[in-house]
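Fold and geometry: a report
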Amino acid sequence: MSIKLDKQIILEELKLISSLASLEELRIKYLGKKGLLSLEMKSLSSLSIDEKKTKGQELNTFKSFFEKEIQNKRSEIETSSINEKLRKENIDATLPPRNFETGRLHPISQTTYKIIEIFGNMGFSVKSGPDIETDFNNFTALNIPDHHPAREMQDTFYLDKKVLRTHTSPVQVRTMLETKPPIRIIVPGRTYRSDSDSTHTPMFHQVEGLLIDEKSTMSHLKGCLIDFLKEFFEISDLKYRFRPSYFPFTEPSAEMDIAYTKTNNILKFGEGDKWMEILGCGMVNPIVLENCKIDSKKFQGFAFGMGIERLSMLKYGITDIRSFYESDFRWIQHYGFNPLDLNSTSGL
Ligand code: DAH
């Protein structure tokens, strides 16, 4: 056997190979048309029969040895390239677990969930409506006709033929137009007015309430709101008062105040001789019922509306309304709520 067909040499050559391409080169070097082994095979024809037999056998053994080694090397390269790929795609499961305590519920969300929870227990369901409203739903149907001074009370953002709703009251209109009484809904949502200072932001939140049936009265309205505020502020002997007021969409109308004291800049609710306005309310004006295709001789009911930021500021001691919308991480860490705390999200 010529030195060129030495098994040891083959094994050494194979050791140096790490890619399928160079393995193929090696295969061709031996088994290609002009390969070393092929040439040896061809040269057999010039030998005597006996020599042919022995040499032929030798070459065949060598050939199977070579093919087997090539095959082994091929599997070795393929396995290591798969392993390399898996290694690269591997996920490091040893990373420390994510801190679920990091996320915070914004106080507006928290307050909204609390409101939903309390009114939900009284049988109110949640409705919503679009931020962009028609003039009819936002004003006209609510008995705020063109040039009525009430339109100036609310510095409206006008869009082409539509408005950014200045209150959640248009959802009263939508609901009455599409549902037959009895109706018992609350509507938390975004509202917009062209206004900005430490107690006003151009976008803020309100929750509207509407109850329509055949017999509900002002005393039902009062009972409902008193129960709500006592539970919201968690003060069972909350001191409050109702003051006569005016809203075009309710008749009679009232505003509700709660008592407070302020000592050393600390507000205390539920007692004292100062009054803080909390919400507007009243019996739904029959004109509004008729505008919404509800028979005002048969049906009556009450409505109310309040600012969610204001309720939230009072409950959690937040002093500047603008801080709600500054997206300050430290602020949300301080005033936000743990979303996994069932007590804080039970209204979800
Ligand atoms: N829409 C009024 C506002 O934005 C709030 C309000 C007052 C709503 C009395 C009512 C209501 O439903 O009855 O100031």
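Residues numbered from 1 in each chain as written. Predicted model: local features only at pLDDT ≥ 70, side-chain atom pairs only at ≥ 80, totals over all residues. Heavy atoms only, no water.

Next up on the list: the overall build of the protein. Each helix and strand in the protein was counted, giving 13 helices and 10 strands. The C-alpha radius of gyration of the protein comes to 41 Å, more than 25% above the 20 Å expected for a compact globule of 348 residues. Seen through its principal axes, the protein has C-alpha atoms that stretch 130 × 50 × 35 Å. By the burial criterion, 41% of the 348 residues in the protein qualify as buried. Within the protein, contacts between residues at least 6 apart in sequence are counted, and of these 66% link residues at least 24 apart. For the protein, the exposed area adds up to about 20000 Å²; of that, 54% sits on carbon and sulfur atoms. Distance from the positive charge centre (47 side chains) to the negative charge centre (48 side chains) of the protein: 6 Å. (Helix = DSSP H or I, 4+ residues; strand = E, 2+ residues; numbered from the N terminus. Rg over C-alpha atoms; globule rule 2.2 N^0.38 Å. Buried < 20%, exposed > 50% of the residue type's maximum accessible area, 1.4 Å probe, protein only. Contact = heavy atoms within 4.5 Å. Areas by Shrake-Rupley, 256 points an atom, 1.4 Å probe, with all protein chains shown as cover. Lys, Arg positive; Asp, Glu negative; His and termini not counted. Charge placed at Lys NZ, Arg CZ, Asp CG, Glu CD.)

A separate point is helix H9 (residues 218–233). For H9, which comprises 16 residues, the first-to-last C-alpha distance of 22 Å matches the rise-based estimate of 22 Å (1.5 Å per residue) to within 8%. Those residues of H9 not exposed but buried are Leu221, Cys224, Leu225, Ile226, Phe228, Leu229, Phe232 and Phe233. Tucked into the core, H9 has its buried residues touching helix H5 (107–121), strand E6 (240–247), strand E7 (250–263), strand E9 (274–284), strand E10 (300–307) and helix H11 (308–316). Of the residues flanking the end of H9, it is Glu234, one or two places downstream, whose phi is positive at about 55 degrees. (Expected span 1.5 Å × (residues − 1).)

Every one of the 15 residues lining the ligand counts as a neighbour, but His167, Ser169, Arg193, Gln206 and Glu208 are closest to it. Here an oxygen atom of the ligand and a side-chain polar atom of Gln172 are 3.1 Å apart. Note that an oxygen atom of the ligand is positioned 3.3 Å from one of the backbone N or O atoms of Phe304. With the chains in place, 91% of the 350 Å² that the ligand exposes on its own is no longer accessible. The site holding the ligand turns out to be the largest pocket. (Near = heavy atom within 4 Å. Polar contact = N/O pair within 3.5 Å; in protein donor to acceptor, adjacent residues only side chain to side chain. 1 Å grid on protein atoms, 1.4 Å probe; cavity = no way out; pocket = protein on both sides within 12 Å on 5 of 7 lines; lining within 4 Å. Sits in = over half its atoms within 2 Å of the grid points.)

Another point: the domain arrangement of the protein. According to the domain assignment, the protein contains domain 1 (3–87) and domain 2 (106–344). Here domain 1 and domain 2 have C-alpha centroids that lie 87 Å from each other. (Domains from an automatic or database assignment.)

On to the state of the cysteines. Counted according to the given criterion, the structure contains 0 disulfides. Free cysteine: Cys292, not disulfide-bonded; nearest cysteine sulfur from Cys281 at 19 Å. (Disulfide = S-S within 2.5 Å.)

Bringing the nonpolar core into the picture now. Of all hydrophobic cores here, the largest spans 41 residues; its most connected members are Ile115, Phe119, Phe228, Leu229, Phe233, Phe304 and Leu311. Of all elements in the fold, only H5, strand E5 (203–213), H9, E7, E9, E10, H11 and helix H12 (329–335) reach the threshold of two or more residues within this core. The element that contributes the greatest number of residues to this core is H9, accounting for 8 residues. Aside from chain neighbours lying at most four places away, what touches Phe233 is Ile258, Ile278, Leu311, Leu314 and Lys315. (Core = buried A, V, L, I, M, F, W, Y, C linked by side-chain atoms within 4.5 Å.)

Looking now at the side chain of Arg193. Residue position: Arg193 is located in the loop between strand E4 (183–192) and E5. Although Arg193 is buried, it forms no salt bridge, and the closest oppositely charged side chain is Asp195 at an N-O distance of 6.6 Å. Separated by 2.9 Å, the side chain of Arg193 and the backbone oxygen of Thr166 make a polar contact. (Salt bridge = Lys/Arg side-chain N within 4 Å of Asp/Glu carboxyl O.)

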